[in-house]
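One letter stands for each residue in the lines below.
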Number of protein chains: 2
Amino acid sequence: MKTPQRRVTLQDVANHAGVSRATASLIVRNSPKVAEKTREKVLKSMKELGYVYDRVAANLRSQSSTTIGTIITDVGNTFFAQFLLGVHQELEKYGYTVLLGTTFDSLQDQERLISTMLENRVGGILLCPVSSSSTETVERIKQLDIPIVLGIRELPDLACDYVGLDYQAGAYTAVKYLLEKKKHKRVAFIGGISDSSTWQERMSGYQRAHEEAGIPIDKSLIFDSEPTREGGLLAVEKIMKHPEPPTAIFCFSDLIAFGAIIGLRKMGYQPGEDIDIVGFDNIPEAEISYPPLTTISSFAQVTGTKAANLLHQRIREPVRERQRIIIEPQLIKRESS
Amino acid sequence: MKTPQRRVTLQDVANHAGVSRATASLIVRNSPKVAEKTREKVLKSMKELGYVYDRVAANLRSQSSTTIGTIITDVGNTFFAQFLLGVHQELEKYGYTVLLGTTFDSLQDQERLISTMLENRVGGILLCPVSSSSTETVERIKQLDIPIVLGIRELPDLACDYVGLDYQAGAYTAVKYLLEKKKHKRVAFIGGISDSSTWQERMSGYQRAHEEAGIPIDKSLIFDSEPTREGGLLAVEKIMKHPEPPTAIFCFSDLIAFGAIIGLRKMGYQPGEDIDIVGFDNIPEAEISYPPLTTISSFAQVTGTKAANLLHQRIREPVRERQRIIIEPQLIKRESS
DNA sequence: TTGAAAGCGGTACCAA
DNA sequence: TTGGTACCGCTTTCAA
């Protein structure tokens, strides 16, 4: 068998079957208004010629799109991998294909990726904005009438569909648990980028829990960092050098918590015994870490599913009320606290 | 400001700048053969009108493509997430965009995804084949002259670029370590799908290590399973009910090992003390699991990078010798053995 | 250096 | 139910 040089087109199929291109087009689109006999004939020709539908050409003509740009922070980060998993599975249900982008929390990369997505004529964008995003970033997309849904991090002053978590409630639950249930007096809060809204919301939960427990906040127990394991390690090393070190640590994320655990052990502490640790996210490895991590479950996969679903709805119905879906986090008690 | 109804086209830009569409086209493509003054004028018009390049239309006309279909097994599986990370980063360097597909090891999904990729006119495909793949699956792609690189799992009798690991060597190293260094006599091998080539290669490493150590293989110590944490849990429960249970377990993957650890603990064993465990992959959570997992590092991210690089080369130079890149795994000793 | 016209592979629209 | 033809937004080719 010889490899065909040129892509087999609808015209080729039409010629082969002795019909017009227009008719062949109706058939690839499963139109009911074509005679059964004609359909069979054309279908047979397609098979024989090895025809492959050109969705790109079709989308160009019909001004439609079956791809969705999905921009996340980092696929290597399990939280986002789980989120992406949810998004991807849900979008496939509706027949979309995912065009992937990762920003590594760089604004410049985000801008570039948004451009790429627009140039590729995506039918919608699912964006987890970088921490330094401004409203303009997203306005650009809205100007072009491309449906967009924000995930994980909300941008203030932007009327946009959003799916995220109640970080405040999550942090509140975690810190309240440490202060009240575990009777800690000095609870540190480490990790994460402090200008991000997700950090600030956690901070406000941290504060509320302290207020309710009647314990004043010691600002020197608060350290931000890069949102990575390394960031957590560095932060914990700093915080434990405090003249009056904390007895419990609330971490921005599980990733930070793992870094903290490694750091504590390096410094001779027993995490979960000497120092209580609580994470945030409940990524799968929280269950099998040493010690198993007490954490706030943020249901990453479900969040992704909902975000994708929302985008799908927005695409079908562009003028509809703005939606905000906030998922309530939940404390998962394990042995690190 | 008013939202434009219709996409701004090159024609609009050309009209605005008082040049022809062809000239404007040269400018978006950074052609040097256009007068500096004309360029500036057109660039200014683009900015004013908010022009967005339509890469899809351009690719259609020029019969080119800047997207790569990347088909993996599961983004939620950290090994593949790391692999994807490597692929994605490398492809971005060359200006490609990733169209993502996940098969969950279903042949039917794989077929569907390959079709989707072809319909979307991808410039190449990076496929991690499902365990039940046959040669025909991939022949389809080669017939169409679409560059393809296989990752992680090789298909026998298929002349195709490939990037993967020497699973045999990895398994051999792990089992040899258990038999010789740790003096075990009964080493089980659990998890993974036994018809897959990746399983069989590990099996042959397991055998070779036994032969060299002069220890006969007890086939009742070998159990396959779904390649998931749950699969590992089930397999370990079965294997420990053996009248003469193993004293060490070599697991198909880290995921399986984590399942095994949970299972062992459920049954009252102390993994790493009563039973030695070795995994395979060295996913990031292996470092922070309890106990930290001794494992074979398979350098998922690097593998992804190399695969992407190979595909890029194949696209640039379609007729060139077939390449096979095999990455040598490495034993990482931790506390689970 | 710039422009006119054809064409990439489909769909839309209307007439037969 | 089928066919003819314009056209989606860009690139290509060739002439000016």
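Residues numbered from 1 in each chain as written. Chains lettered and ligands numbered in written order. Predicted model: local features only at pLDDT ≥ 70, side-chain atom pairs only at ≥ 80, totals over all residues. Heavy atoms only, no water.

Per an unreviewed UniProt entry, chain A is named LacI family transcriptional regulator, and its organism is Pseudogracilibacillus auburnensis.

Enquirer: For this particular structure, what's the right way to read the protein's contact with DNA strand D?
Expert: In the vicinity of DNA strand D lie 28 residues, with A:Thr38, B:Leu10, B:Arg21, B:Ser25 and B:Tyr51 positioned nearest. Sugar and phosphate atoms form 68% of the subset of DNA strand D atoms that lie within 4 Å of the protein. Interatomic distance of 2.4 Å between a side-chain N/O atom of A:Thr38 and a phosphate oxygen of DNA strand D. Mapped onto the surface near DNA strand D, the elements with two or more residues apiece are α2 (21-28) and α4 (55-62) of chain A together with α2 (21-28) and α4 (55-62) of chain B. (Near = heavy atom within 4 Å. Polar contact = N/O pair within 3.5 Å; in protein donor to acceptor, adjacent residues only side chain to side chain. Helix = DSSP H or I, 4+ residues; strand = E, 2+ residues; numbered from the N terminus.)

Enquirer: Please clarify how the environment of A:Arg140 should be interpreted in this entry.
Expert: All names here are of chain A. Structurally, Arg 140 can be placed in helix α7 (residues 135-143). Each C-alpha atom of the pair Arg 140 and Ile 114 lies 9.1 Å from the other, and the pair is 26 residues apart in sequence. Those residues in contact with Arg 140 that lie beyond four places of it in its chain are Glu 111, Ile 114, Ser 115 and Leu 118. (Contact = heavy atoms within 4.5 Å.)

Enquirer: When you look at the interface of chain A and chain B in this model, what are you seeing that I'm missing?
Expert: Interfaces are often sized by the accessible area lost when the parts come together. Facing the 52 residues of chain A at the interface are 51 residues of chain B. Around 4600 Å² of area is buried between chain A and chain B when both sides are counted, 59% of it from carbon and sulfur atoms. Broken down residue by residue, the surface that chain A buries against chain B is led by A:Val56, A:Glu119 and A:Ile288, which jointly contribute 14%. Run the count over chain A and chain B and you get six salt bridges. Across the salt bridge formed by B:Arg55 and A:Glu119, the nearest N and O atoms sit 2.3 Å from each other. (Buried area = accessible area lost by both parts, 1.4 Å probe. Salt bridge = Lys/Arg side-chain N within 4 Å of Asp/Glu carboxyl O.)

Enquirer: Explanation requested: the pairing of strand β6 (residues 187-190) of chain B in the structure shown.
Expert: Working note: regular strand, side chains alternate between the two faces of the sheet. All names here are of chain B. Neither face of β6 is left uncovered, since the one carrying Val 187 and Phe 189 and the one carrying Ala 188 and Ile 190 both have all their residues buried. In terms of strand pairing, β6 meets strand β8 (residues 248-251) through four bridges, oriented parallel. The residue bridging Ile 190 from the neighbouring strand is Cys 251, located in β8. As paired elements, β6 and strand β7 (residues 222-223) share two bridges and run parallel to each other. Note that in β7 the partner of Phe 189 across the bridge is Ile 222. Running through helix α9 (residues 197-213), the crossover from β6 to the neighbouring parallel element β7 is right-handed. (Buried < 20%, exposed > 50% of the residue type's maximum accessible area, 1.4 Å probe, protein only. Pairing = 2+ DSSP bridges. Right-handed = clockwise from strand over helix to strand, strands pointing away.)

Enquirer: Sorry, what's going on with the protein's contact with DNA strand C here?
Expert: Not every one of the 30 residues close to DNA strand C is listed here, only the nearest: A:Ser25, A:Arg29, A:Arg61, B:Thr38 and B:Arg61. For DNA strand C, the fraction of atoms within 4 Å of the protein that belong to sugar or phosphate moieties is 62%. In this structure, a phosphate oxygen belonging to DNA strand C sits 2.8 Å away from a main-chain N or O atom of A:Leu10. In the environment of DNA strand C, a phosphate oxygen lies 3.1 Å from a nitrogen or oxygen atom belonging to the backbone of B:Ala35. When contributions to the surface near DNA strand C are tallied by element, the ones reaching two or more residues are α2 and α4 of chain A together with α2 and α4 of chain B. The biggest single contributor to the surface near DNA strand C is α4(A), with five residues. Class assignment for the residues of the surface near DNA strand C results in 15 nonpolar, seven polar and eight charged. (Nonpolar A, V, L, I, M, F, W, Y, C, P; charged D, E, K, R; others polar.)

Enquirer: What should I look at first to understand the sheet that holds strand β2 (residues 97-102) of chain B in this one?
Expert: Sheet strands pair by backbone hydrogen bonding; their relative direction is either parallel or antiparallel. The 12 strands lie next to each other as β11(A)-β5(A)-β4(A)-β3(A)-β1(A)-β2(A)-β2(B)-β1(B)-β3(B)-β4(B)-β5(B)-β11(B), forming an open sheet whose pairing is mixed. Here the strands that pair on one side only, and so sit at the sheet edges, are β11 (324-327) of chain A together with β11 (324-327) of chain B. Strand-to-strand twist in this sheet, taken as the mean axis angle between neighbours without regard to direction, amounts to 20°. Alignment of strand β1 (residues 67-72) of chain A against strand β2 (residues 97-102) of chain A, held across six bridges, turns out to be parallel. Bridged to A:Thr70 within β2(A) is A:Leu100. The sheet strands contacting helix α5 (residues 78-93) of chain B are β2 of chain A together with β1 (67-72), β2, β3 (124-127) and β5 (161-165) of chain B, and the helix crosses β1(B) at an angle near 170°. (Axes fitted to C-alpha atoms, helices over the stretch in contact; angles between N-to-C directions.)

Enquirer: Can you help me understand unusual backbone geometry in this one?
Expert: Most peptide bonds adopt trans geometry, and most residues besides glycine take a negative phi value. With an omega of -10°, the peptide bond running from A:Tyr290 to A:Pro291 counts as cis. In this fold, A:Pro291 is placed in the loop between β9 (276-281) and β10 (294-297). Positive phi, close to 55°, is recorded for B:Asn282, a residue that is not glycine. Within the secondary structure, B:Asn282 is located in the loop between β9 (276-278) and α12 (285-288). One non-glycine residue, B:Phe299, adopts positive backbone phi at about 50°. Tracing the sequence through the fold places B:Phe299 in the loop between β10 (295-297) and α13 (300-316).

Enquirer: Would you explain the packing of aromatic side chains in this entry?
Expert: One pair of aromatic rings is described through two measures. These are the centre distance and the angle between the planes. Applying the stated rule across the entire model yields 13 aromatic pairs over all chains. Ring geometry for A:Phe189 versus A:Trp199: centroids 5.1 Å apart, planes at 20°, classification stacked. Pair noted here: A:Phe189 is in strand β6 (residues 187-190) and A:Trp199 is in helix α9 (residues 197-213), with a separation of 10 residues, a long-range link. Per residue, the accessibility class of A:Phe189 equals that of A:Trp199, and both read buried. Centre to centre, the rings of B:Phe189 and B:Phe250 are 5.3 Å apart; their planes meet at 25°, and the pair counts as stacked. Here B:Phe189 is found in strand β6, whereas its partner B:Phe250 is found in strand β8, with 61 residues between them in sequence. (Phe/Tyr/Trp six-rings, centres within 6.5 Å; stacked < 30°, edge-to-face > 60°.)

Enquirer: Looking at this model, I keep getting lost on the relation of the copies chain A and chain B. Mind explaining?
Expert: A rotation about some axis, followed by a shift along it, carries one copy of the chain onto the other. Of the transformation placing chain A onto chain B, the axial shift is 0.0 Å and the rotation is 180°, giving an RMSD of 0.1 Å. Such a turn and shift between the copies fits a two-fold axis. Residue by residue, 98% of the interface of chain A is reproduced at the interface of chain B, so both copies engage with the same surface. (Least-squares fit on C-alpha atoms with pLDDT ≥ 70 in both.)

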